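Chain residues, written in single-letter form:
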Amino acid sequence: KAGAKKHAIEARAVGKKRGPRTILDRVTVAADRGEVLALVGESGSGKSTLLRCMVGLDDFDEGEIQVRGDLLRRAGEPIVHAVRVRVGIVLQQYHLFLHRTAIENVIEAPVHVLEVDEETARKEALALLDRLGDVGALAGEVVVDGAPEAAVGDEMRRIGRHRPVAARQLVL
């Protein structure tokens, strides 16, 4: 629509089925810049599926998703890469790369997607941890420069949370 407000991210009438089971039933949600929303519901109600659809990891059967004006209709479209660069999600599972250190997990996207050199990405990641008050919690050699499995649950959650922020994503 001409002159219509473009939200930072919007899902309109998104539907998804797996066989006969309806996972998402024409879900509509929108968020503007700076707005904080929470998806709350029972286990298996489609929260993670909706998020996965919104970043192009899962297909959806109907509706559309718009990120800063770019329309996403199906996973695998050329626009998916541009959407993933701008949108980050933090799911219940941390999906850390266990063969990389904690700090390498945080700088993965800046280095490999945004093409920031490793030294700069590391400095920015450590500054981010400091700004968010986590430098004390995560700055220990075992946690930052050690293997992620050496971290305890809360530390692993923090590492997972910092990855999309370090990637400079506009929507989290």
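Below is a short write-up of the structure. (Residues numbered from 1 in each chain as written. Predicted model: local features only at pLDDT ≥ 70, side-chain atom pairs only at ≥ 80, totals over all residues. Heavy atoms only, no water.)

## Considerations on the packing of helix 3 (residues 102-112) against helix 4 (residues 118-131)
The test is simple: Note on definitions: angles span 0 to 180 degrees between N-to-C directions of axes, and those axes are lines fitted to C-alpha atoms, for helices only across the stretch in contact. We count a stretch as a helix when DSSP gives it H or I for four or more residues in a row; a strand needs E for two or more, and each element gets its number in order from the N terminus. Oblique is the label for every angle not falling under 35 degrees (roughly parallel), over 145 degrees (roughly antiparallel), or within 65 to 115 degrees (roughly perpendicular). Crossing handedness is read from the near helix: turned anticlockwise from the far helix by less than a right angle, it gives a left-handed crossing, and turned clockwise, a right-handed one. It only takes one pair of heavy atoms within 4.5 Å for two residues to be counted as in contact. Each residue gets one of three labels, nonpolar for Ala, Val, Leu, Ile, Met, Phe, Trp, Tyr, Cys and Pro, charged for Asp, Glu, Lys and Arg, and polar for the others, Gly among them.
Viewed as axis vectors pointing N to C, helix 3 and helix 4 meet at an angle of 120°, and their least axial separation amounts to 9 Å. The orientation of helix 3 relative to helix 4 falls into the category oblique. Seen from above, helix 3 lies across helix 4 with right-handed handedness. Contacts between helix 3 and helix 4 involve Ile-103, Val-106, Ile-107, Pro-110 and Val-111 on the former and, on the latter, Glu-118, Ala-121, Arg-122, Ala-125, Leu-126 and Leu-129. Grouping the constituent residues of the contact of helix 3 with helix 4 by class yields nine nonpolar, no polar and two charged.

## A look at the side chain of Glu-10
Heads up, the rule is: Polar contact is the term for a pair of N or O atoms within 3.5 Å; when the atoms are in protein, one must be able to donate a hydrogen and the other to accept it, and sequence-neighboring residues count only if both atoms are side-chain atoms.
Its location among the elements puts Glu-10 in strand 1 (residues 9-18). A polar side-chain atom of Glu-10 sits 3.1 Å from a polar atom in the side chain of Arg-12. If we skip the residues at most four places from it in the chain, Glu-10 touches Val-29, Ala-30, Glu-64, Ile-65 and Gln-66.

## Details of the environment of Thr-22
Residue placement: Thr-22 occurs in strand 2 (residues 21-31). Once the C-alpha coordinates of Thr-22 and Ser-45 are considered, the two residues, 23 residues apart in sequence, prove to be 9.7 Å apart. The residues contacting Thr-22, other than those within four sequence positions of it, are Lys-16 and Lys-17.

## A short note on the pattern of salt bridges
A side chain with one charge may pair with a side chain of the opposite charge, provided their charged atoms come close. The test is simple: What counts as a salt bridge is simple: a side-chain nitrogen of Lys or Arg found within 4 Å of a carboxyl oxygen of Asp or Glu. Partly exposed describes any residue whose relative accessible area lies between the buried limit of under 20% and the exposed limit of over 50%, with all areas from a 1.4 Å probe on protein chains only and scaled to the type maximum.
Enumeration according to the criterion identifies six salt bridges in this entry. Put simply, Glu-62 and Arg-26 hold a salt bridge, and the shortest N to O gap is 3.2 Å. With Glu-62 in strand 3 (residues 62-67) and Arg-26 in strand 2, this residue pair connects regions lying 36 residues apart in the sequence. Glu-62 gets classed as partly exposed once you look at its relative accessible area, which sits at 33%. Here Asp-58 and Arg-52 are joined by a salt bridge, their closest N and O atoms 3.4 Å apart.

## As for unusual backbone geometry
In terms of backbone geometry, most residues other than glycine have negative phi values and most peptide bonds are trans. For Arg-26, which is not glycine, the phi torsion reads 50° and is therefore positive. Positive phi, normally seen in glycine, also occurs at Glu-115, with a value near 60°. Tracing the backbone shows Glu-115 in the loop between helix 3 and helix 4. Look at Glu-115 and you get exposed, because its relative accessible area is 69%.

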